[in-house]
Structure formats: structure tokens, C-alpha cells
Number of protein chains: 2
Amino acid sequence: MPLNDQLPALNREFIAHFGEMGSRWGINRTVGQIYALLFLSPKPLCADEIAESLEFSRSNVSMGLKELQAWRLVRLRHVPGDRREYFGAPDDVWEIFRVLAEERRRREVEPTLTMLRSALQETPATDDERHAQERMRQMHEFISRLMTWFDEVQKLSPETAVQLMSMGSMVTRVLEVKDRLTGRNTKKQSSTP
Amino acid sequence: MPLNDQLPALNREFIAHFGEMGSRWGINRTVGQIYALLFLSPKPLCADEIAESLEFSRSNVSMGLKELQAWRLVRLRHVPGDRREYFGAPDDVWEIFRVLAEERRRREVEPTLTMLRSALQETPATDDERHAQERMRQMHEFISRLMTWFDEVQKLSPETAVQLMSMGSMVTRVLEVKDRLTGRNTKKQSSTP
DNA sequence: GTGATAGTTCAGTAATTACTGAAAAGTAAG
DNA sequence: CTTACTTTTCAGTAATTACTGAACTATCAC
């Protein structure tokens, strides 16, 4: 993986890491590296610059950028008097996270919810089917709940989200007090059967 | 993908879906299907039963189960008077989510944090490196914050987490009021440059 | 011990996914 | 319309990942 020498060592390390991690996410090495390069770059880059920096073929860069655009992770820019297309990653990391979460949800969660909803319409014939459907109901309910909550958080501005996150422990403590009064157990259950 | 006929139609659909989705997650089709089968099953299954139901080779099932165990998504069980190993998926969907999140964090987030921490140690030489390092700092801070918050939530019992999630909108509203008083903007910024 | 059953490993192969170069399509300027 | 430049597409190929069957190890019953 011979990253261009003119890239600073710092950048090369970061880009290489994103390449390796890329495969653990749904994206491939190439796409991960292109994104990393754009994320670090102080200015938008055009496809040729990317191809040269990362030593990929021009067509590979084209396909990678197409995928990153489909993920809405890069933004197309234009430089006046230059007809090439330039690409940049958004600056705000919260915004990046939001988009990523939204996109993953659309691709990975929604299809499952759809499948589950349709399965829950069916009338189970056997005991096994009844059990299976009950499991699906549990899964559907859990995911729906999670998504509703996520919708709420996603609407927030970065600063508010940060506030909300740092309130986490506070809210927990409030619930603990409430539960102690009502006799419920907030802490993770210990294994005392 | 000829799932065994003796599986109820409902189950077959669910299992097939998990197989297809599996590749979008980091797991492969086989592993996804084995998990789906176990998730729906009212009782733990042994490797042979799995192999027969899904029509995989015995060795494929063995490898799949090994991976699911590495993900801590299935639990090994023993039936008295039977020396075969049986496998089951935990019942509680919140518990499943918790484990999944923990494991993904360990595999996908921690290595990145480590890389970022080490990059932040370096002294940038050029302006570009200085900029790159600042971007990495932003990313590191964001992820750290997210993980701290996640730690908090992960410690909660299922019921408490549900409570916390359904409090989402309430907390948001409180913050909105607070921000209105302090003159800050809680709502997602509209694109008015 | 031997035989029978259960589980694992691994080399070889099948299937899938990633990448390239060449050709095509698109686009602005003259 | 033509030229020069830019991006996209795609068939072929390389690289990676998934899967199988056969051989091997382990464990239990006898």
C-alpha cells in the first residue's frame, strides 16, 4: 500500500488505518482511504489529486467518490475557472456522525423493519411459528423504540447533543433515585436467580 | 439458498433476510443465518441440527458458531445425558443489543481511538500536518465523548434504558426552554448562511 | 484398550468483490 | 462543429473471502 511520499507521515498513518478499518465497516479499503484523505485535507481535492496521492487508478477513484456521494459523506465543490469537480468532507464531526447514522439506518435497519412488519401480519399455524413470531415482535419493538429515540436525537444541533450526552449520568442518577423510591432496580441485574 | 422445508415459512423468511443483511454487517451470510435460526428457536440447537436445517456443511456450521461465540451472541448449553454442545441466543433483545454494541466498539472503535491518540502525540512539522492533527483531535474528542455516554447507557438495566429512551423528547424540550432563555439555538440549524 | 460419536482444522476450490485500462460519454471553449 | 479536457462505464482480471470434504483430535462408553 504505497501511499504517496509527499503526504505527511501523520496523514499516511491515518489514511492507512481507515483503509484497514474500511472493510470492517461496509465500505472497502479504497473508499475508506479516499474518505480519510478528504477528511484531513484543508481544501477540497479533485479526482486526479486523489488518484495521485493514493496511487489508485483514475477509475477506481471515480467509483469510490460515487460511493462516498451515495453515502452523503463528501460534498461536491467547484473552483471558479476550473471545470474539474472537487470534493470535500464536512467539517463538523457531529454532522458526519449524523449522516452516517442516518444512512446506515436507511440501508441496514429499515429493510429489516419492513420484513418484520410483514412477518407480524401472518397468522402463525404451529406452536413454533407462534414462538418465532413472538421473538420477531420483540425485535421489532426494540428496534422501533431505538429508532424513535434516535430520531429525537438526530434533530438536535451539535451543541445540544453534546449537552444531552453529558447529561447522561445525571439522568441515570435521577432514575436511580426514582426507582429506589418505587422499589425497582435500575442497576444492571446481578446474576442472583 | 434452499432452506429446509420443515422450517416454518415465517422462520425461513426471517433467516433468509438475516443472511442477506449479514454481509452489510461485518458478518457473512452463513453466520447471519445461523444466528437467525438460533434467535427464533424455542430451544437450543446442536451443530448437526443447524447444519441440517440450513443445509450447510458441518464444518461451516462449526466455523460459524465459533464466530458467533467470539461475538458473544450465542451461549453454549448442555443437555443432561447428551454430550453434544447446544447453542442458544439470549432472550432479552436489549441484552443482545448491548453485547453487539460492546463488541463492535471493541473491534471498530477502540483501534481507531488508539491510532488517534498516538497521532496526537506527534509534533506537526508543516501547516498541513497541523491541520490534519487538528482534524484528528476533533474526531478523537467526538468519539471519546460518544463512548463515555455509551458507557453510561450500557450500565443500565433494560427497563431503565427504555425509560431513558422514552424520556428523550422530554429532555430535548427542557434543553429547548433553557436555550431559549440563554439565547442559544437548540433546533437543528436551518440552512440560512 | 477399542469403537463410536462429537468437534475442529485446513488445503483446495468456489464465489464474490475489488481494481484496472481502455473505450465511451459528457461538457465547456473556441 | 471541433478540440481538449473530464468523468463514467464496463469487460476482464486480480485479490479476497466463503465454503466444503477429508483428515485429525478429543471424549465418552464399553
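Up top you'll find the structure we're talking about.
The structure contained in this document is the topic of the report that follows. None of these values were measured; they are calculated from a predicted model.

Criteria and thresholds
- Residues numbered from 1 in each chain as written.
- Chains lettered and ligands numbered in written order.
- Predicted model: local features only at pLDDT ≥ 70, side-chain atom pairs only at ≥ 80, totals over all residues.
- Heavy atoms only, no water.
- Helix = DSSP H or I, 4+ residues; strand = E, 2+ residues; numbered from the N terminus.
- Buried < 20%, exposed > 50% of the residue type's maximum accessible area, 1.4 Å probe, protein only.
- Contact = heavy atoms within 4.5 Å.
- Areas by Shrake-Rupley, 256 points an atom, 1.4 Å probe, with all protein chains shown as cover.
- Core = buried A, V, L, I, M, F, W, Y, C linked by side-chain atoms within 4.5 Å.
- Pairing = 2+ DSSP bridges.
- Phe/Tyr/Trp six-rings, centres within 6.5 Å; stacked < 30°, edge-to-face > 60°.
- Lys NZ or Arg CZ within 6 Å of the ring centre and 35° of its normal.
- Expected span 1.5 Å × (residues − 1).
- Polar contact = N/O pair within 3.5 Å; in protein donor to acceptor, adjacent residues only side chain to side chain.
- Near = heavy atom within 4 Å.
- Nonpolar A, V, L, I, M, F, W, Y, C, P; charged D, E, K, R; others polar.
- Salt bridge = Lys/Arg side-chain N within 4 Å of Asp/Glu carboxyl O.

1. Remarks on the overall build of chain A
What chain A contains, in helices and strands, is 8 helices and 3 strands. Traced from its N-terminal end to its C-terminal end, chain A shows the element sequence α-α-β-α-α-β-β-α-α-α-α. Residues classed as buried in chain A amount to 50% of the 193 residues present. For chain A, restricting intrachain contacts to residue pairs at least 6 apart in sequence, the fraction spanning at least 24 positions comes to 51%. Of the accessible surface of chain A, which amounts to about 10400 Å², a share of 53% is contributed by carbon and sulfur atoms.

2. Regarding the nonpolar core
Counting residues in each nonpolar core, the largest one holds 97 residues, and the members touching the most others are Phe14 of chain A together with Phe14 of chain B. Per-element accounting of this core gives the leading share, 10 residues, to helix α5 (residues 93-121) of chain B. Apart from residues no more than four positions distant in its own chain, Phe14 of chain A is found in contact with Ala36, Phe39 and Leu40 of chain A together with Met115, Leu116, Met136 and Met139 of chain B.

3. Structural notes on the pairing of strand β2 (residues 75-78) of chain B
Residue and element names in this part refer to chain B. For β2 and strand β3 (residues 85-88), the ladder comprises 4 bridges, and the chain directions are antiparallel. Pairing of Arg75 across the sheet is with Gly88, part of β3. Connecting β2 to the next strand, β3, in antiparallel fashion are 6 residues, including Gly81 with a positive phi near 75 degrees.

4. Here we look at the packing of aromatic side chains
Scanning the entire structure with this criterion turns up 15 aromatic pairs over all chains. Look at Trp149 of chain A and Trp149 of chain B: their rings are 5.6 Å apart centre to centre, the planes differ by 5 degrees, and that puts the pair in the stacked class. Within this pair, whereas Trp149 of chain A is found in helix α6 (residues 127-154), its partner Trp149 of chain B is found in helix α6 (residues 127-154), the two belonging to separate chains. Its relative accessible area of 15% is what places Trp149 of chain A among the buried residues. Of the aromatic side chains, those joined through ring pairs into one cluster are Phe14, Phe18, Tyr35 and Phe39 of chain A. Positioned above the aromatic ring of Trp71 of chain A is the side chain of Arg107 of chain A, whose terminal nitrogen or guanidinium carbon lies 4.0 Å from the ring centre.

5. Some remarks on the environment of His140 of chain A
Residues and elements named next belong to chain A. Structurally, His140 can be placed in helix α6. Under the relative-accessibility criterion, His140 is labelled buried at 16%. Residues contacting His140, with those up to four places away along its chain left out, are Leu113, Leu116, Arg117 and Leu120.

6. Digging into α5 of chain B
The terminal C-alpha atoms of α5 of chain B, which comprises 29 residues, lie 40 Å apart, in line with the 42 Å expected from a rise of 1.5 Å per residue. With a side-chain oxygen positioned 2.9 Å from the backbone nitrogen of Trp94 of chain B, the residue opening α5 of chain B is Asp92 of chain B.

7. Some points on the protein's contact with DNA strand D
Around DNA strand D, the structure places 15 residues, and the nearest of them are Arg58 and Glu85 of chain A together with Thr30, Ser59 and Asn60 of chain B. Backbone atoms, meaning sugar and phosphate, form 66% of the atoms of DNA strand D found within 4 Å of the protein. The separation between a base oxygen of DNA strand D and a polar side-chain atom of Arg83 of chain A is 3.1 Å. Among the secondary structure elements, those contributing two or more residues to the surface near DNA strand D are α4 (58-70) of chain A together with α2 (29-40) and α4 (58-70) of chain B. Here the element with the most residues in the surface near DNA strand D is α4 of chain A; it accounts for 4 residues. Its residues placed into classes, the surface near DNA strand D shows 1 nonpolar, 7 polar and 7 charged.

8. What about the pattern of salt bridges?
Residues and elements named next belong to chain A. Under the counting rule described, the total for this entry stands at 32 salt bridges over all chains. For the salt bridge of Arg130 with Asp127, the shortest nitrogen-to-oxygen distance reads 2.9 Å. Taken together, the residues span about one helical turn, with Arg130 and Asp127 both in helix α6 at a distance of 3 residues. What you see here is one network of salt bridges that share partners, running through Arg72, Glu95, Arg98, Glu102, Glu103, Arg106 and Arg107.

9. Brief notes about unusual backbone geometry
All names here are of chain B. Positive phi, normally seen in glycine, also occurs at Glu55, with a value near 55 degrees. When you line up the elements, Glu55 lands in the loop between α3 (47-54) and α4. The phi torsion at Arg72 lies on the positive side, around 55 degrees, for a residue other than glycine. Looking at Arg72, the relative accessible area reads 42%, which means it is partly exposed.

10. Thoughts on the sheet that holds strand β2 (residues 75-78) of chain A
Spatially, 3 strands are ordered β1-β3-β2 (chain A) in an open sheet, and the strand pairing comes out antiparallel. Two strands close off the open sheet at either side, each with one partner strand: β1 (45-46) and β2 of chain A.

11. Side note on the protein's contact with DNA strand C
Contacts to DNA strand C come from 15 residues, most closely from Thr30, Ser59 and Asn60 of chain A together with Lys66 and Glu85 of chain B. At 3.1 Å, a side-chain N or O of Ser57 of chain A approaches a phosphate oxygen of DNA strand C. Residue Glu85 of chain B places a main-chain N or O atom 2.5 Å away from a phosphate oxygen belonging to DNA strand C. Breaking the surface near DNA strand C down by element, the ones donating at least two residues are α2 (29-40) and α4 of chain A together with α4 of chain B. Considering every element that reaches the surface near DNA strand C, the biggest residue donor is α4 of chain B, with 4 residues. Residue composition of the surface near DNA strand C, grouped by class: 1 nonpolar, 7 polar and 7 charged.

Honestly, that's just the spatial picture; any functional story needs more than this.
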